Amino acid sequence: MIELRNFSYTYGTAGTPALDSINLKIPDGELLLVTGHSAAGKTTLAFAMAGIFHHEIGGRIEGDLSFKGKDIRGFDGMKELSRHMGMVFDDAESQLIFTTVEEEIRSGLENRFHSEAEIGRRLKEVMELCEISHLKHRAPHTLSGGQKQKVALAATLALDTEVLILDEATAELDTKAVRKVFSILKRLKEAGKTIIIVDHNIDDFLEIGDRVVLLEKGKIKAIKSPSDFKATFHTHEESTTSLPLSKNDGQPIISVKKLTQRYGEVLALDNIDLDIYPGELVAILGENGSGKTTLVKHFNGLLRPYSGNVTVKGLDASMVPINELVKHTGLVFQNPDNMLFEDTVEAEINFGLNNIGVKGPEAARAILHSLELVNLGEKQKVFPRNLSRGERQRLAVACVVAMKPELLVLDEPTTGLDAEESDRMMQLMRKLQQEGHTIVMVTHNLQIVRDHVERVIRMESGKIVENSVNRKFSSKECVSKECVRGGTCA
Amino acid sequence: MKEIMQYINRDSFLHRMNPLSKIAAVTGIIALGVFTTNPEVLAVMVLGIFLASLGAGLQQELLKQLKLLVFLSVTLILLTVFTLKSGETVGYLIPAGILTAGGLVPVTTGALDFGTVLSLRFFAMLFAFQLLVVTTKPSDLMKALLAIHIPVDYVLMFVIALRFIPSLQIEGQRIHEAQLARGYNPGKGLRGKIMSVKPILVPLVANSLGRTQVLGLTMDMRGYRSRQSVEKNQLTWNKTDIAAVGCVAVMGLGVVLGGFM
C-alpha cells in the first residue's frame, strides 16, 4: 500500500539528507514499528509516508513514494490524502484546536460530512474506546499531558482512516493508558487497518507488531520481526554496581508532615507524611494526575501547604521566600524549553547564579564545573535552543546544579529522551549523588526506577501508597505496606 | 487562574441564539460605535449590552474586564486632555500657583467629551464581543463564519487565537515558575513586570512558534481546510435572534435619521 523506493529527503537548508535511500514496502493491514535513536530520521520518515513533504513542507525529495499504487504527487494535496491517512503527532497541546473535548472530536467528524446520527454514534464510540467520556465538556488547558494525548488520538481515530500513523504519540501516557492504546491498536489491526508506530521506545507494542524497522542516521539499519528485534537489541544488562544504602538516622533534608493541598474543589494532596534524607536517590512514581508534581513544588516554595507543613533543611517552607529556598532545593522542570531564554549556554547558567548573588570568578568556575558534569563542556557559546532535546534537558540540570543546592528535584527528567539519552541522564543523576546531592525524581518510567533508584515512593490520588527500598540496592527489602506509614524502612 | 474570552458552557437566552444573529448584532454595535459620536447613544448601547448580560447571568464576565477598561478610559481621557484643546477650560491638570502662576495643561470640555466618547466606544465594543465569545461554542462560531463565506483560513486563525488564550496563560505561569525555581525575583509592580519580560516572553514566544507546524498539519490531517460549506439547517433562528438584530438595526437607523452621527 505504501511503498518507498530509493527515497531520500533533505530538509530545506540542511547539507546532509535526513532520510537516505529508503526502500520499504508496507502492505495493507500491517502494523509496522519504526524505531531508532534521536535524530535517526523517525519523524521524518513518518512525515514522508503521510505525504507531508510532497504536499506541504517541501525540501529536496529524491526517489519514489507511492500510496495505493499511485505516486503520492498524484493526490490532490493533504485534502485528499487526509481522507485515507490519520496522523497523531507528539505534541498533544498543538493538536487540540477547540475549546472542549467533545467539540474537538465532533468537528473533525463534521469535516467529513457524515450524517448527524453517524456523528453522534462515532463520537460516543470513540470517547468510550479512549476512556475520555468523562472529559467531554472539559477545555484542553484543564487536561493533563496524558489526557491531551488521549484526546488527540481519539480525534484521529474518529475519522476512521485506512492508515494510522502515530509519531511518539504515547510519550506522556502512563503504563495503564499505554496498555489501553495497545488494546485499541490491536482491535484496529484486526479490523484491517494499516498502522505505523514511530517511537524511540516500542517495547509496549512489540507483541502486536508485524515488523520492526530500525533507523540509524537516516538509513534503514535493519528490518526484523519483533521477536528477533527483542533478542538482538534488547539484551538488558543487569548492572552489578550497587551503592551503599544511605544512613537514615540523621536529620532529614526534607520533612513533610500531614501535607494537604487543594486546587479549588479538587484534593490534590491528601495528608502526606514523608522524610527524605541527605544523599538519597528517591523516585516518586505514579499515574498522571496522582499529585507527584504538586508534592515536589512544595519543596522549593512554589506551592505553600493548604494545611500541614514542609521543612527544607530545617527551614519552614511556608515562611521562607522562594529565592531563599532555591539555594537549598533545585527544581528542574519537565520541559527545558520553559526556561531557556538567553543567547548562550554560558549566559543561561549565569542567570541563576546572578539571581542568588554568585558573580565574577566564582560564577565562571561554577559554570565550567556544571557544564563538565553534564557533558556540555564544549558548548559554552552555543545558542541553547540549537541544542538537541537531550542536551537541552542536561543544560536545564546544569543551570540548577550550578547553584549548588543540596537537594535536586527533577520532574520527568527522561520524558521525550531516547534510551541512550535517558541512560546518560541517569548516569548524571548517579554522578550528582556521588558529589553529595540528594536527588528526588518524579517519573512514570518503571524501567529507570528498577535500574537506578534506591527508594521508591508511589502515589495514587494524592496519597502515598507505597514507600519502599528497591530490591536491587538492598538486601533488607521490605514489604511495601509495612513501610507506608513508617516513612523510610532501611 | 482567571480565564478570559473563553466559552462558558451554560444555558442562557444568549447561548440559545443563532451565532449568525449574534455576529450580526456585534458587527452592528461595532459599526455604530465607530460612527456615532453621541455619548448618550453610546451610553444606551453599553447599558443595553450590560442588561443583556444580566439577563443571561453573565454580568460577572463583563465586570472582570472592568479594571482593564477603567485603566484604558483614564489613559484615553488623559491623552485627549493633553492633545485636544477645544470648548471651555474647566481647570488645569497642574493647578495655578504650583509651577506657573496660570496653571499648566488646561482641561477643556471638548477634550473631556471626546475622551468619554472614546472610552464608551471601547466599553461597548469589548463588552459586545466578549458576550459573543463566551456564549458561542467555537465550532458554532466557525460554522457561522463559514456560512457567511469568510475564507476558512481566517476562520481557523480566529478560532485558534481564542483557543490558545488560556494555554498561553498557563504556559506563562509555568515559565514563571521555572524562572522562580532559578531564584529569579523581578520584584513587584511595574518595574518587576518590565524586568520579567525577557525571561518569560522569550520562552513563551519561542514555544508558540515551535508549535505552529504541528498545529497546521493537524488541521490538514483532520480535513478542516477542505471544509468549505455548512448545511444551513444546522443554524436556526429564533425570536431572540430577530429581536437582537432588530434592536441594533433600529438604533442604527435612529442614529442615522436622528443626526446623532
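Residues numbered from 1 in each chain as written. Chains lettered and ligands numbered in written order. Predicted model: local features only at pLDDT ≥ 70, side-chain atom pairs only at ≥ 80, totals over all residues.

> Could you give an account of the overall build of chain A, with specific residues and numbers?
A tally of regular secondary structure across chain A gives 16 helices and 20 strands. Rg of the C-alpha trace for chain A: 24 Å, near the compact-globule value of 23 Å for 490 residues, within the 12% margin. For chain A, the C-alpha atoms occupy an extent of roughly 70 × 50 × 40 Å along the three principal directions. By the burial criterion, 51% of the 490 residues in chain A qualify as buried. (Helix = DSSP H or I, 4+ residues; strand = E, 2+ residues; numbered from the N terminus. Rg over C-alpha atoms; globule rule 2.2 N^0.38 Å. Buried ≥ 20, exposed ≤ 12 C-beta atoms within 10 Å, placed from the backbone.)

> I'd like to hear about the domain arrangement of chain A, residue by residue, with values.
By convention, interface size is frequently given as the accessible area that disappears when the constituent parts associate. Residue and element names in this part refer to chain A. On domain assignment, one finds that chain A holds domain 1 (2-233) and domain 2 (254-486). If you average the C-alpha positions of domain 1 and of domain 2, the two centres end up 33 Å apart. At three residues, the largest contribution of residues to the side of domain 1 that touches domain 2 is made by helix H6 (residues 145-157). (Domains from an automatic or database assignment.)

> Please give an account of the sheet that holds strand E18 (residues 438-443) of chain A that cites residues and values.
Strand pairing in a sheet is mediated by backbone hydrogen bonds. Such pairs are either parallel or antiparallel. Residues and elements named next belong to chain A. Strand order in the open sheet made by the six strands is E16-E17-E18-E13-E19-E20, with mixed pairing throughout. The open sheet has two free edges, formed respectively by strand E16 (329-332) and strand E20 (463-469), since each of these has just one partner strand. Averaged over neighbouring strand pairs, the angle between their axes works out to 15 degrees when direction is ignored. Across six bridges, the pairing between strand E19 (residues 455-460) and E20 is antiparallel. Along E20, the bridge assignment pairs Arg-455 with Val-469. Packed onto the sheet, helix H13 (residues 389-401) meets E16 and strand E17 (407-411) and runs at close to 165 degrees relative to E16. In this fold helix H14 (residues 419-434) packs onto strand E13 (281-286), E17 and E18, with an angle of close to 155 degrees to the strand it touches most, E18. (Pairing = 2+ DSSP bridges. Axes fitted to C-alpha atoms, helices over the stretch in contact; angles between N-to-C directions. Contact = placed C-beta atoms within 7 Å.)

> Lay out the environment of Ile-30 of chain B with the relevant residues and their values.
Residue placement: Ile-30 of chain B occurs in helix H2 (residues 19-35). Residues Ile-30 of chain B and Ala-128 of chain B, 98 residues apart in the sequence, show an inter-C-alpha distance of 8.2 Å.

> An account of the sheet that holds strand E3 (residues 31-36) of chain A is needed here, citing residue identities and associated values.
All names here are of chain A. With respect to topology, six strands assemble into an open sheet ordered E6-E7-E8-E3-E9-E10, the strand pairing being mixed. On the outer flanks of this sheet lie strand E6 (85-88) and strand E10 (219-224), each paired with one strand and no other. Adjacent strand axes in the sheet meet at a mean angle of 15 degrees, parallel and antiparallel pairs treated alike. Judged from the four bridges that link them, E3 and strand E8 (residues 194-198) form a sheet pairing that is parallel. By the bridge assignment for E8, Val-34 is matched with Val-198. Packing against the sheet, helix H1 (residues 42-49) makes contact with E3, strand E7 (163-167), E8 and strand E9 (211-216), and its axis sits at approximately 155 degrees to E8.

> Which residues make up the nonpolar core, and what are the values?
All names here are of chain A. The biggest cluster of nonpolar side chains holds 85 residues, and the ones touching the most others in it are Ala-154, Ile-165 and Ile-196. Considering every element that reaches this core, the biggest residue donor is H6, with six residues. The residues contacting Ile-165, other than those within four sequence positions of it, are Ala-46, Met-49, Ala-50, Met-85, Met-87 and Ile-196. Tyr-277, Leu-331, Met-403 and Ile-448 belong to the second-largest nonpolar core, a separate cluster that totals 73 residues. (Core = buried A, V, L, I, M, F, W, Y, C linked by C-beta atoms within 7 Å.)

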